[in-house]
Amino acid sequence: MVEEAGPGSHLTAAQIWERARSLQPRIGFATVHRSLIRLHELGGVLKIDVPGEASAIYEPAAGPHAHFRCTRCGAIRDLDFALPPATLQRLSAEHGVTIDREIVTFSGTCAACR
Ligand SMILES: [Zn+2]
Ligand SMILES: [Zn+2]
């Protein structure tokens, strides 16, 4: 369901459930939520917590990118941004931590709202 939505789509579990119901009207939210968790564990789907967004957002697994959230309309889009590996290595070494994941979210005003 998330894969069908295509790259660049960012949907909450509730929005994915809505779509699933249009294909399978009797499908329950718990079923959809369970399969999302399963897909997430298998690596097919990324789960992102966007600041300012009440629910986690799911998207098809893609290359490293950052997110932009419009504070006016709430639109979320992908930004082609990732920290250089050397910066991550330096941060790990300086702070004695292991960085597994980088989650970067920018906020501001989108082109449509500006
Ligand atoms: Zn906007
Ligand atoms: Zn994304």
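Residues numbered from 1 in each chain as written. Chains lettered and ligands numbered in written order. Predicted model: local features only at pLDDT ≥ 70, side-chain atom pairs only at ≥ 80, totals over all residues. Heavy atoms only, no water.

Visitor: Just checking my understanding: could you explain the overall build of the protein for this structure?
Guide: What the protein contains, in helices and strands, is 4 helices and 6 strands. Reading the protein from its N terminus to its C terminus gives the helix and strand order α-β-α-α-β-β-β-β-α-β. Based on the C-alpha atoms only, the size of the protein along its principal axes is roughly 55 × 40 × 20 Å. Taking the contacts inside the protein whose residues are at least 6 apart along the sequence as the reference set, 43% of them involve residues at least 24 apart. When the accessible surface of the protein is split by element, carbon and sulfur atoms take 53% of a total near 7,600 Å². Taking the 12 positively charged and 12 negatively charged side chains of the protein as two groups, their mean positions are separated by 7 Å. (Helix = DSSP H or I, 4+ residues; strand = E, 2+ residues; numbered from the N terminus. Contact = heavy atoms within 4.5 Å. Areas by Shrake-Rupley, 256 points an atom, 1.4 Å probe, with all protein chains shown as cover. Lys, Arg positive; Asp, Glu negative; His and termini not counted. Charge placed at Lys NZ, Arg CZ, Asp CG, Glu CD.)

Visitor: Looking at this model, I keep getting lost on the pairing of strand 3 (residues 57–60). Mind explaining?
Guide: Consecutive residues of a regular strand have side chains that alternate between opposite faces of the sheet. Side chains Ile57 and Glu59 of strand 3 all project onto a buried face; the interleaved residues Tyr58 and Pro60 project onto the opposite face, where all are buried too. In terms of strand pairing, strand 1 (residues 11–12) meets strand 3 through 2 bridges, oriented antiparallel. Pairing of Leu11 across the sheet is with Tyr58, part of strand 3. The sheet contact formed by strand 2 (residues 45–48) and strand 3 spans 4 bridges and is antiparallel. Note on strand 3: the bridge partner recorded for Val45 is Pro60. (Buried < 20%, exposed > 50% of the residue type's maximum accessible area, 1.4 Å probe, protein only. Pairing = 2+ DSSP bridges.)

Keep in mind these numbers describe shape, not what the thing actually does.
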